[in-house]
Amino acid sequence: MLKRLFVQNVALIEKLCIEFNSGFNVLTGETGAGKSILIDAVNLALGERASKELIMSGAERAVVEASFDIAGQDEIQAMLQENELEIDGELILSRELSASGKNVCRINGTLVTLNYLKALTDRLVDVHGQHEHQSLISQSNHIRFLDAFGGEAIFIAKERTAAVYAEYNQLKKTRLSGFSSEDERARQIDILTYQIREIEGALLCEGEEAQLTEERLKLMNAERILSALHNCTELISGDAGAASATSSALGELRVIRTLASEYEELYGKLESAHYVLEDMGYTLREMKDSFEYDPARLDMVEQRLETYAVLKRKYGADYSEVMAFLTDAKAKLKELVDSEAARAELDKKIQACTAQYTSEASQLTGLRIQAAKELEASLVNQLRDLGMEWTVFQVVFSQLGGLSANGTDRVDFMLSANPGEPLKPLEKVASGGELSRIMLAFKAVASAAYGIPTLIFDEIDVGVSGRIATIVGEKMVQIADTHQVICITHLPQIAAQADAHYLVEKTSDLISTRTSLRLLDEEEHCRSIAAMMSGSENTAIGLTHARELIEECNLKKQKRRGN
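Residues numbered from 1 in each chain as written. Predicted model: local features only at pLDDT ≥ 70, side-chain atom pairs only at ≥ 80, totals over all residues. Heavy atoms only, no water.

When helices and strands are counted, the chain shows 19 helices and 15 strands. Expected size for 563 residues packed as a compact globule is a radius of gyration near 24 Å; at 45 Å, the chain overshoots this value by more than 25%. Dimensions along the principal axes, computed over C-alpha positions, put the chain at roughly 150 × 65 × 45 Å. Here the chain, with 563 residues, has 42% of them falling under the buried criterion. Within the chain, residue pairs in contact and separated by at least 24 positions form 70% of the contacts whose partners lie at least 6 positions apart. Accessible surface computed for the chain: about 30000 Å², of which carbon and sulfur atoms make up 51%. Once the 60 positive and 86 negative side-chain charges of the chain are each reduced to a mean point, those two points are 5 Å apart. (Helix = DSSP H or I, 4+ residues; strand = E, 2+ residues; numbered from the N terminus. Rg over C-alpha atoms; globule rule 2.2 N^0.38 Å. Buried < 20%, exposed > 50% of the residue type's maximum accessible area, 1.4 Å probe, protein only. Contact = heavy atoms within 4.5 Å. Areas by Shrake-Rupley, 256 points an atom, 1.4 Å probe, with all protein chains shown as cover. Lys, Arg positive; Asp, Glu negative; His and termini not counted. Charge placed at Lys NZ, Arg CZ, Asp CG, Glu CD.)

Right, here's the structure in full:
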């Protein structure tokens, strides 16, 4: 059970340390006093999602610490031992949320993950939020309620069904080679075939694109090239060209070359230059004579380069990437086309898997039907205790179309709240107060089934009043015989039945507002009930009525508990 709760810098709570009792604990206070903040703080300690907005304005971090007595909680102790967490008499959960977004969780001082903290606390505390009873209105939640009531047996059966369903899905995916349908597979074969034909039909060659690009550049500048080659040839090999001039210069140097070594050296250099010029002249003449300009050839080069451009836009940035795409496409096509034998084998496996799924889903359905009968009987008994003595409750099964990881069942909760009325879907016949009582009945049934030691109710009494409010309180007291119950309420009929009564108060000094919580003594308990009944805690009549209500509740508790 929850022994102690320490809260610091959470919303309007600056610092709070409160100890809870076993049995029936009630929290009351004016609207807006901050009762829901306490639930937020508890949820923070339990590992629920939290926003930085929870941190008190101006504070750097919020801290919540919850201490639990886990004596006799073998499952909890086993989880702690499996993870080598120390157990020293009590379990201390702490969580720190910083303004920077840091989220630190500890169990008995050891850092743990948020997921592990949540998995552990799911077995410690069940928190019923203000609007949770509205979840009964949604038909999609009905199967979840039933499965939770069914406990471990249904959980295991669901896991087996989900595992077979996952295998079935994988086999179907493999059979279709990753496609969602046979039509999609056929379309992919057509696409791959077209792509392969397009690339292979182009007859691409490595380096061809670069050669064609160079050739296109020459053809596009043919007139300039021919003019340049002609002029260069004349300047070098013409009658007045450089070769003729160097020849004349050699004749002059030949006369004096033997007169000094430097003349001989100069002659040799000029002779070499002359031979180079002559060779360049021959080369230029050959280039000019061999150069041809063909407009048709330019068109052919342009078309061929466009082929390369189209293929690169579709399949890769260059020749190597296009060819790699071709290789990959051929491999994929071969896998798709040559998979007929493998697909026949997969069909056999899918058939066997479907049969196994049918068997597992059928067993799951059987367990659900068995759990539904127990739920119907238990819930009707609880609802009769809650003043709905004519209620008929039935779990109706129907089949979903196709397979799913959750089996093939659709579950609808049907209700008749009054004699002579036919069964109708729960969400269409239950009033707000009836939904609250039905949810409380579910919690009462579940608390016995799950063995969760602490139940927290945040205004589960919405929509009830008068005699029904007293009955709802008595039901929570009954649950508190075997579980710790913490309840936030506005109703004096419920608060009067508390084993421990806590008052949530909000104070303000015009600069800041703070929320606090304190345990009331007997006289304060009486005054608080009086205020809830009449709006004032100081009237003699109000106090008298409050004492009478408290005494009546205490007598009922003592009689039922055999004291």
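There's more to say after this.
A complete count under the given rule lists seven aromatic pairs for this structure. Consider the rings of Tyr 315 and Phe 325, whose centres lie 4.7 Å apart with planes at 35°: the pair is tilted. Of this pair, Tyr 315 sits in helix α11 (residues 295–315) while Phe 325 sits in helix α12 (residues 319–337), and the two are 10 residues apart along the sequence. Feature note: the residues Phe 145, Phe 393, Phe 413 and Phe 442 constitute an aromatic cluster, connected by ring pairs. Its guanidinium or amino end placed over the ring of Phe 145, Arg 144 lies 5.1 Å from that ring's centre, counting from NZ or CZ. (Phe/Tyr/Trp six-rings, centres within 6.5 Å; stacked < 30°, edge-to-face > 60°. Lys NZ or Arg CZ within 6 Å of the ring centre and 35° of its normal.)

Turning our eyes to something else, we now look at the packing of helix α2 (residues 74–82) against helix α3 (residues 114–121). Direction vectors running N to C along α2 and α3 enclose 160°, while the axes themselves pass 10 Å from each other. When the axis of α2 is compared with that of α3, the two are roughly antiparallel. Residues Ile 76, Met 79 and Leu 80 of α2 form the contact with α3, whose participating residues are Tyr 116, Ala 119 and Leu 120. Of the residues in the contact of α2 with α3, the class split is six nonpolar, no polar and no charged. (Axes fitted to C-alpha atoms, helices over the stretch in contact; angles between N-to-C directions. Parallel < 35°, antiparallel > 145°, perpendicular 65-115°, else oblique. Nonpolar A, V, L, I, M, F, W, Y, C, P; charged D, E, K, R; others polar.)

With that settled, the discussion passes to the pairing of strand β1 (residues 2–10). Direction of pairing for β1 relative to strand β4 (residues 61–68): antiparallel, over a ladder of six bridges. Across the sheet, the residue bridging to Gln 8 is Val 63, located in β4. Linking two consecutive strands that pair antiparallel, namely β1 and strand β2 (residues 13–19), is a turn of two residues; a positive phi of about 55° is found at Ala 11 within it. (Pairing = 2+ DSSP bridges.)

With that settled, consider helix α5 (residues 152–175). Its 24 residues give α5 an end-to-end C-alpha distance of 35 Å, which sits within 8% of 34 Å, the value for a rise of 1.5 Å per residue. Among the residues of α5, those classed as buried are Ile 154, Ala 157, Thr 161, Val 164, Tyr 165, Tyr 168, Leu 171 and Arg 175. (Expected span 1.5 Å × (residues − 1).)

If you trace the backbone, Val 380 turns up in helix α13 (residues 340–385). Sequence spacing of Val 380 and Ala 45 is 335 residues, and the spatial spacing of their C-alpha atoms is 35 Å. Residue contacts for Val 380: discarding those within four places in its chain leaves Thr 391 and Phe 393.

On to the side chain of Thr 391, then. Within the secondary structure layout, Thr 391 lies in the loop between α13 and β9 (392–399). A distance of 2.9 Å separates the side chain of Thr 391 from the backbone oxygen of Met 388, its partner in a polar contact. Leave out the neighbours within four places in its chain, and Thr 391 touches Val 380, Leu 383, Leu 415, Ser 416 and Ala 417. (Polar contact = N/O pair within 3.5 Å; in protein donor to acceptor, adjacent residues only side chain to side chain.)

Quick look at the packing of α11 against α12 now. The contact between α11 and α12 brings their axes to 9 Å, and the two run at 60°. One finds that α11 runs oblique with respect to α12. In terms of crossing hand, the pair formed by α11 and α12 is left-handed. Seen from α11, the contacting residues are Leu 311, Lys 312 and Tyr 315; seen from α12, they are Glu 321, Val 322 and Phe 325. (Left-handed = near helix turned anticlockwise from the far one by under 90°.)

If you walk across this open sheet you meet the six strands as β8-β12-β13-β3-β14-β15, and the pairing is mixed. A single partner strand is all that each edge strand has here, and the edge strands are β8 (125–128) and β15 (513–519). Across the sheet, the mean angle separating the axes of adjacent strands is 15° when strand polarity is ignored. Sheet topology places β8 next to strand β12 (residues 454–458); four bridges connect them, and they run parallel. Bridge pairing links Val 125 to Thr 454 in β12. Packed on one face of the sheet, helix α1 (residues 35–45) meets β3 (24–28), β8, β12, β13 (484–488), β14 (500–508) and β15 and runs near 145° to β12. The sheet contacts of helix α18 (residues 522–534) involve β3, β14 and β15, and relative to β14 the element is tilted by about 70°.

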